[in-house]
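Given next are the chains, with one letter for each unit.
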Amino acid sequence: MVSKLKWFIIPGFITTLLFMSIVFIPVFALAGNGPDRFYNEQGGGSDGGNGVPNGGAIPPADLQFHEVNPDEVLNFLSGQGSYLTRDVDSFIANARTFNINPLLLVAITGQEQSFDPARNSDAAQVERNPFNVFGSWMVYSPGFDKSCEVAARTVATKLSYPIPRGEDPIQWINDPKNPSGSYAEDHNWWKGVKFWYQTLSAKPNIYLVPLTGGTDK
């Protein structure tokens, strides 16, 4: 009787182990702070982002870094009921590092996560990656500053490749023909980003030194 039970128990145990390896191991591999699969697929390194800008082109002037008024950015996010009001300094610092307009990064969080409304129960979790870099905030959750760094590096990389004549620079960030790939799968992604970028850029006193042109394309 014992020997017969062994023939049932052992195969069952092996089957359970195989099921766990198929289902749970990939889940754990994607969770946490280092999704190597996404880094490798997107051509980046473990320091985050899609590598470094190497296309040789200079981004349009209005999309390069400009000093913005942190109080005005804070007021805008507050008006959106955003949980990201605590991250204004990080938006600006990472934008400065990669020579990207801070308002473009803010606009991306508007398109991706509606500026992460504080009223939502998962606001604190979304805040760790409101740019949805490397899949989504549910897969890659390194904290705001790191995800902002990755987003800034990614945008800078995409804008470092020459923009096709007649194409909107923000559209180029999401164009599959970009040598660095598209930011999102949704081909209309750029339209939402552009809307929020223009909305922010048009606010009085948002720039410490006013921009001239470039935001009405």
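The residue numbering used here restarts from 1 in each chain and proceeds along that chain's sequence as written. Confidence filtering applies because this is a predicted model: local features only for residues at pLDDT of at least 70, side-chain atom pairs given and counted only at 80 or more, and all residues used for totals across whole chains, interfaces and linings. No hydrogens and no water enter the side-chain calculation; it runs on all heavy atoms of the structure.

**Considerations on the packing of helix H5 (residues 102–113) against helix H7 (residues 144–159)**
The criterion, for reference: For every element, the axis is a line fit to its C-alpha atoms; helices are fit only across the contacting stretch, and the angle between N-to-C directions ranges from 0 to 180 degrees. Strands here mean DSSP runs of E at least two residues long; helices mean DSSP runs of H or I at least four residues long; both are numbered from the N terminus. Angle categories: roughly parallel below 35 degrees, roughly antiparallel above 145, roughly perpendicular from 65 to 115, and oblique for all the rest. By convention, the crossing between two helices is left-handed when the near helix turns anticlockwise from the far helix through less than a right angle, and right-handed when the turn is clockwise. The contact rule is simple, with two residues in contact once any of their heavy atoms fall within 4.5 Å. Here the term charged refers only to Asp, Glu, Lys and Arg, the term nonpolar to Ala, Val, Leu, Ile, Met, Phe, Trp, Tyr, Cys and Pro, and the term polar to all other amino acids, Gly among them.
For the pair H5 and H7, interaxial distance at closest approach is 11 Å and the crossing angle is 110°. When the axes of H5 and H7 are compared, the pair comes out roughly perpendicular. For the pair H5 and H7, the sense of crossing is right-handed. Counted together, Leu104, Leu105 and Ile108 of H5 and Cys148, Ala151, Ala152 and Val155 of H7 form the full contact between these two elements. Residues that form the contact of H5 with H7 fall into these classes: seven nonpolar, no polar and no charged.

**Concerning the pattern of salt bridges**
Applied cut-off: Salt bridges are defined as contacts in which a side-chain nitrogen from Lys or Arg sits within 4 Å of a carboxyl oxygen from Asp or Glu. The rule is simple: take the accessible area with a 1.4 Å probe, protein chains only, and divide by the maximum for that residue type; under 20% is buried, over 50% is exposed, in between is partly exposed.
Counted by the stated rule, this structure contains five salt bridges. Between Lys146 and Glu149 there is a salt bridge whose closest N-O contact spans 3.4 Å. Of the two residues, Lys146 and Glu149 are both situated in helix H7; the distance of three residues between them amounts to about one turn of the helix. Using a relative accessible area of 24% as the deciding quantity, one classes Lys146 as partly exposed. Residue Lys177 pairs with Asp175 through a salt bridge whose shortest N-O separation is 3.3 Å. With relative accessibility at 63%, the residue Lys177 sits in the exposed group.

**With respect to the packing of aromatic side chains**
Rule in force here: Two aromatic rings, drawn from Phe, Tyr or Trp (for Trp, its six-membered ring), form a pair once their centres lie within 6.5 Å of each other, and the interplanar angle then sorts them: stacked below 30 degrees, edge-to-face above 60, tilted otherwise.
In total, this model carries nine aromatic pairs according to the counting rule given. Arranged with centres 5.0 Å apart and planes meeting at 75°, the rings of Phe91 and Phe144 form a pair that is edge-to-face. Taken together, the residues Phe91 in helix H4 (residues 88–97) and Phe144 in helix H7 connect sequence positions 53 residues apart. The burial state of Phe91 is the same as that of Phe144; both residues are buried.

**Side note on the nonpolar core**
Filter applied, for reference: The nonpolar core is taken to be a set of buried Ala, Val, Leu, Ile, Met, Phe, Trp, Tyr and Cys residues, with the residues joined through side-chain atoms within 4.5 Å.
Core analysis: the biggest nonpolar cluster contains 43 residues, and Leu77, Phe91, Leu104, Leu105, Phe131 and Tyr183 have the highest contact counts within it. Of all elements in the fold, only helix H3 (70–79), H4, H5, H7, helix H8 (169–173) and helix H9 (189–201) reach the threshold of two or more residues within this core. With eight residues, H7 is the single largest residue contributor to this core.

**Thoughts on unusual backbone geometry**
One non-glycine residue, Phe115, lies in the positive phi region at around 65°. By secondary structure assignment, the location of Phe115 is in the loop between H5 and helix H6 (123–126). Even without a glycine there, the phi angle at Asp116 is positive, about 55°. Tracing the sequence through the fold places Asp116 in the loop between H5 and H6. Given a relative accessible area of 2%, Asp116 falls into the buried group.

**Concerning the packing of H5 against H9**
Relative orientation and spacing of two packed helices are given, respectively, by the angle between their axes and the distance between those axes. Where H5 meets H9, the axes come as close as 8 Å, and the angle between the chain directions of the two elements is 130°. When the axes of H5 and H9 are compared, the pair comes out oblique. You can see that H5 and H9 cross each other, and the crossing is right-handed. Of H9, the residues touching H5 (which contributes Leu103, Leu104, Val106, Ala107, Ile108, Gly110, Gln111 and Glu112) are Trp189, Gly192, Val193, Trp196, Tyr197, Leu200 and Ser201.

**Digging into the side chain of Glu72**
Quick reminder of the rule: The charge count includes Lys and Arg as positive and Asp and Glu as negative, but it does not include His or the ends of the chains.
Along the chain, the position of Glu72 falls in helix H3. The buried charged residue Glu72 lacks any salt bridge partner; its closest oppositely charged side chain belongs to Lys203, at an N-O distance of 5.7 Å. Not counting residues up to four positions away in its chain, the partners in contact with Glu72 are Pro204, Asn205 and Ile206.

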